[in-house]
Amino acid sequence: LADGAVIKIPPRHKIVGLLHTLNSSPRDASSGLWLTLELIHPSNVDTIVTPMTMQYRDLAIPGERESRFTGVCDLSVAHGLVSLQPLDLRLHYILPHYHYLGNYFDVSVIGGERDGESVFRMTGFNGEGNGKAFDPPLQLPGATGLRFTGGYDNWRNETIGWGNGDGEMCVL
């Protein structure tokens with residue numbers, strides 16, 4: 001996150017992390033996972049950010065062809081019901097996630113001044129994290145949500161669904 005931006009963890013709460021790795025290469029590999037936390041004095045905090053995830057779990061990727069799946073998340077209604085304030089969407093970081101059949105990921109804005117604008121796009125598969133930090137955060141005035149699209153090249157002769165191992169994912 002940018003300097004001064006924090007995810008606030010309330011007193012007496014626990015952090016539970018769940019990660020998975022998938023070796024899509026034909027050779028043995030090892031990897032390491034870690035989580036780093038830093039305390040920041042309250043006088044240095046400018047922004048408290050809210051992490052979120054969007055997932056397209058109803059994947060049914062047809063065999064022997066390319067296909068795309070799009071999820072649309074209107075965040076304004078739920079946000080308004082909880083905060084009683086209009087949505088002020090700013091992106092600090094985007095992390096796409098798909099497995100070895102994935103070959104495309106796009107995130108675009110719904111509503112506001114940037115309606116329809118793609119704010120993140122990647123093509124191909126490289127097995128890396130491929131996250132993108134926005135410093136300064138990307139302002140999305142008037143936006144009501146995000147649209148995300150995952151693309152796949154299923155060279156196998158069977159339909160592939162959501163999951164680890166032989167499954168796929170479409171996660172923002």
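Heads up: these notes are all about the structure in this document. Fair warning: this is a prediction, and the values are worked out from it, not measured in the lab.

All right, on to the overall build of the protein then. If you tally the helices and strands in the protein, you get one helix and 10 strands. Overall, the protein shows an N-to-C arrangement of helices and strands of β-β-β-β-α-β-β-β-β-β-β. Principal axes of the C-alpha set define a box for the protein whose edges measure 55 × 40 × 25 Å. Across the 172 residues in the protein, those meeting the buried criterion constitute 33%. Long-range contacts, defined here as pairs at least 24 residues apart, represent 74% of the contacts in the protein between residues at least 6 apart. Here the protein contributes 13 positively and 19 negatively charged side chains, and the mean placements of these two sets differ by 5 Å.

A few words on a nonpolar patch on the surface. Taken together, the side chains of Leu-1, Ile-7, Ile-9, Ile-15, Leu-35, Leu-37, Tyr-93 and Leu-95 define a hydrophobic patch exposed on the protein surface, amounting to about 820 Å² of accessible area. For Ile-9, a relative accessible area of 44% translates into the label partly exposed.

Moving on: the environment of Gly-32. Topologically, Gly-32 is positioned in the loop between strand E1 (5–6) and strand E2 (47–48). You can call Gly-32 partly exposed: its relative accessible area is 46%. For the pair Gly-32 and Thr-21, spaced 11 residues apart in sequence, the C-alpha to C-alpha distance is 9.3 Å.

On inspection of all chains with the given rule, the structure shows seven aromatic pairs. Joined through ring pairs, the aromatic side chains of Tyr-56, Phe-69, Tyr-98, Phe-105, Phe-125, Phe-148 and Tyr-152 make up one cluster. Above the plane of the ring of Tyr-104 lies Arg-68, whose end atom (NZ or CZ) is 3.5 Å from the centre.

Okay, the sheet that holds strand E9 (residues 145–154) next. The strand order across the open sheet formed by four strands is E4-E9-E6-E7, and the pairing between neighbours is antiparallel. Across the chains shown, the open sheet's two edge strands, defined by having one partner strand only, are strand E4 (65–74) and strand E7 (118–123). Shown here is a sheet whose adjacent strand axes are inclined to one another by a mean of 10°, direction ignored. The pairing of strand E6 (residues 102–110) with E9 spans eight bridges and is classified as antiparallel. Counterpart to Asp-106 in the pairing with E9 is Thr-149.

Residue placement: Glu-168 occurs in the segment after strand E10 (160–161). An unpaired buried charge is present at Glu-168: no salt bridge exists, and Arg-156, the closest side chain of opposite charge, is 7.7 Å distant. A distance of 2.7 Å separates a polar side-chain atom of Glu-168 from the backbone nitrogen of His-99. Here the side chain of Glu-168 touches Gly-102 through a polar contact of 3.4 Å, landing on its backbone nitrogen. Among residues more than four places away in sequence, those in contact with Glu-168 are Leu-59, Ile-61, Tyr-98, His-99, Tyr-100, Leu-101, Gly-102, Tyr-152, Ile-160, Gly-161, Trp-162 and Gly-163.

Scanning the model with the defined rule gives four salt bridges in all. Salt-bridge contacts for Arg-90 lead to Asp-88; the nearest nitrogen and oxygen are separated by 3.6 Å. Residue classification places Arg-90 among the partly exposed positions, given a relative accessible area of 33%. The partner of Arg-121 in a salt bridge is Asp-106, with the nearest N and O atoms 2.8 Å apart. With a gap of 15 residues between them, Arg-121 in strand E7 and Asp-106 in strand E6 connect regions that are remote in the sequence. Note on Arg-121: relative accessible area 52%, which makes it exposed.

Another point: unusual backbone geometry. Trans is the common state for peptide bonds, and a negative phi is the common state for residues other than glycine. Look at the link from Asp-135 to Pro-136: it is a cis peptide, with omega at 10°. Among the structural elements, Pro-136 can be located in strand E8 (residues 132–139). The phi angle at Arg-12 is positive, at roughly 65°, despite the residue not being glycine. You can see Arg-12 is positioned in the loop between E1 and E2. A residue is classified by how much of its surface remains accessible, and Arg-12, at 82% relative accessible area, is exposed. Non-glycine residue Asn-130 carries a positive phi angle of around 60°. On the secondary structure map, Asn-130 appears in the loop between E7 and E8. Owing to a relative accessible area of 27%, Asn-130 belongs among the partly exposed residues under this scheme.

How each quantity is defined
- Residues numbered from 1 in each chain as written.
- Predicted model: local features only at pLDDT ≥ 70, side-chain atom pairs only at ≥ 80, totals over all residues.
- Heavy atoms only, no water.
- Helix = DSSP H or I, 4+ residues; strand = E, 2+ residues; numbered from the N terminus.
- Buried < 20%, exposed > 50% of the residue type's maximum accessible area, 1.4 Å probe, protein only.
- Contact = heavy atoms within 4.5 Å.
- Lys, Arg positive; Asp, Glu negative; His and termini not counted.
- Charge placed at Lys NZ, Arg CZ, Asp CG, Glu CD.
- Patch = residues over 30% accessible without salt bridge, like charges linked within 9 Å, V, L, I, M, F, W, Y side chains within 5 Å.
- Areas by Shrake-Rupley, 256 points an atom, 1.4 Å probe, with all protein chains shown as cover.
- Salt bridge = Lys/Arg side-chain N within 4 Å of Asp/Glu carboxyl O.
- Phe/Tyr/Trp six-rings, centres within 6.5 Å; stacked < 30°, edge-to-face > 60°.
- Lys NZ or Arg CZ within 6 Å of the ring centre and 35° of its normal.
- Pairing = 2+ DSSP bridges.
- Axes fitted to C-alpha atoms, helices over the stretch in contact; angles between N-to-C directions.
- Polar contact = N/O pair within 3.5 Å; in protein donor to acceptor, adjacent residues only side chain to side chain.

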